[in-house]
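Structure at a glance
Here is how the chains run, residue by residue.
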Amino acid sequence: MNVKRAINGLMRAAYIVPGRPTHAQFEVTNKCNLSCEMCPRTKYYKVKITDMEYEVFERVLDALLPLRLATLTGWGEPLLHPRIYDMAALAKSKGAQAVSLTSNALIFNDYHYEKLLSCGLTDLRISVDNFSETGDGTGHPSGAKSMEKVAELLSRRKDALPRIALAITIYPDNYKDVFTLIDKAAEIGMDGVAIMRMNDRFEETVKRYTFQEENQVCAEYQAWAKKAGIKIGTPREFSHGIRRILYRGGTKCPVTFDNVYVTAEGLITPCCALPKFVTGDPEKCDIETIWKNEKFKKFRVEQRSVCVHCDLLDITYKKR
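Keep in mind that what you see is a predicted model, and the values were worked out from it rather than measured.

1. A closer look at the overall build of the chain
Helix and strand counts for the chain come out as 11 helices and 9 strands. Counting over 320 residues, the chain shows a buried share of 51%. Considering only residue pairs separated by 6 or more positions, the chain has 73% of its internal contacts joining residues 24 or more positions apart. Split by element, the accessible area of the chain, about 14800 Å² in all, is 54% carbon and sulfur.

2. Focus on the pattern of salt bridges
According to the stated counting rule, one finds 14 salt bridges in the structure shown. In this structure, the salt-bridge partner of glutamate 288 is arginine 20, at a minimum N-O distance of 2.3 Å. Of the two residues, glutamate 288 is situated in helix 9 (residues 287-291) and arginine 20 in the loop between helix 1 (2-14) and strand 1 (23-26); the sequence distance between them amounts to 268 residues. Lysine 94 is paired through a salt bridge with aspartate 62; the nearest N and O atoms lie 2.6 Å apart. Taken together, the positions of lysine 94 in the loop between helix 3 (84-93) and strand 3 (98-103) and aspartate 62 in helix 2 (residues 54-64) put the pair 32 residues apart, joining distant regions of the chain. When its relative accessible area of 33% is taken as the criterion, lysine 94 is described as partly exposed. Linked by salt bridges that have partners in common, Glu58, Asp62 and Lys94 make up one network.

3. Examining the nonpolar core
Formed by 77 residues in total, the largest nonpolar core has its most connected members in Phe26, Leu72, Ile126, Leu166, Met190 and Tyr221. Those residues in contact with methionine 190 that lie beyond four places of it in its chain are Ile126, Met147, Val150, Leu154, Ile164, Ala165, Leu166, Ala185 and Ile230. Counting residues in hydrophobic clusters, the runner-up holds 6 residues, among them Cys36, Met38, Tyr171 and Met198.

Here is what the cut-offs are and how they apply
- Residues numbered from 1 in each chain as written.
- Predicted model: local features only at pLDDT ≥ 70, side-chain atom pairs only at ≥ 80, totals over all residues.
- Heavy atoms only, no water.
- Helix = DSSP H or I, 4+ residues; strand = E, 2+ residues; numbered from the N terminus.
- Buried < 20%, exposed > 50% of the residue type's maximum accessible area, 1.4 Å probe, protein only.
- Contact = heavy atoms within 4.5 Å.
- Areas by Shrake-Rupley, 256 points an atom, 1.4 Å probe, with all protein chains shown as cover.
- Salt bridge = Lys/Arg side-chain N within 4 Å of Asp/Glu carboxyl O.
- Core = buried A, V, L, I, M, F, W, Y, C linked by side-chain atoms within 4.5 Å.

This is the structure in structure tokens:
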């Protein structure tokens, strides 16, 4: 396994694209029970609000297998899909090494607790950005209530899987809340915390940090998490060490190196941030052909111009 990881790391550093994608993100639904100001789902991407049909999911999954990771989350709340647990179980039973999804936890109840722990998920991310009892004014409801539901889920988990981690998008208005969320995540036994960047494509009315400010607060969060005894990942790591190499000076994105995004209609795109940049239909053409077709090849060469509004390609980024 270590040898495989080393080889994969070298291929990523040199951007030697594998023969086919090994990771796939499925937009199982883009319906959501929230209307967060920072979400680009309808304002920026203007996606059609719909569920992926189960039969479409099954056919595209078969076309993409084998997969190291199947992520069942797009621009929406995946638990709103009526067959989300069937999808997770199918992906795992057909050989996906890992199956993950991200939820805001608001609709967790006895049914969801049982299904989340038994459907074959290996990883569950909980998206919470505040610890208020009433919400933070940007469309996010009470983070405290979400964390109560996560604590209940963890109390019912008998095994190591699924791993359950907290995902927090940071911005100036939730600076203090993040410390509280880190403490709470450690207290209830979550497996880690992922700090997420406020990307430039998000709603401009929501303030975000400058690059220097972000580095500073992330350093504070890392130190706090270490004291709390919980693992943490932050955007600060993107501008240090090996990740500088992986991004090749802001011209290549590791996310698109071995990953595809499957829209709710079952179409292939390079990334969730490019839902309209369709490179192929796996029901009409095999995945290896799509992966190597002229549009995908051109995208890899001209990625910087296509992804101009995505901060992931920038070591530093402009102030807003």
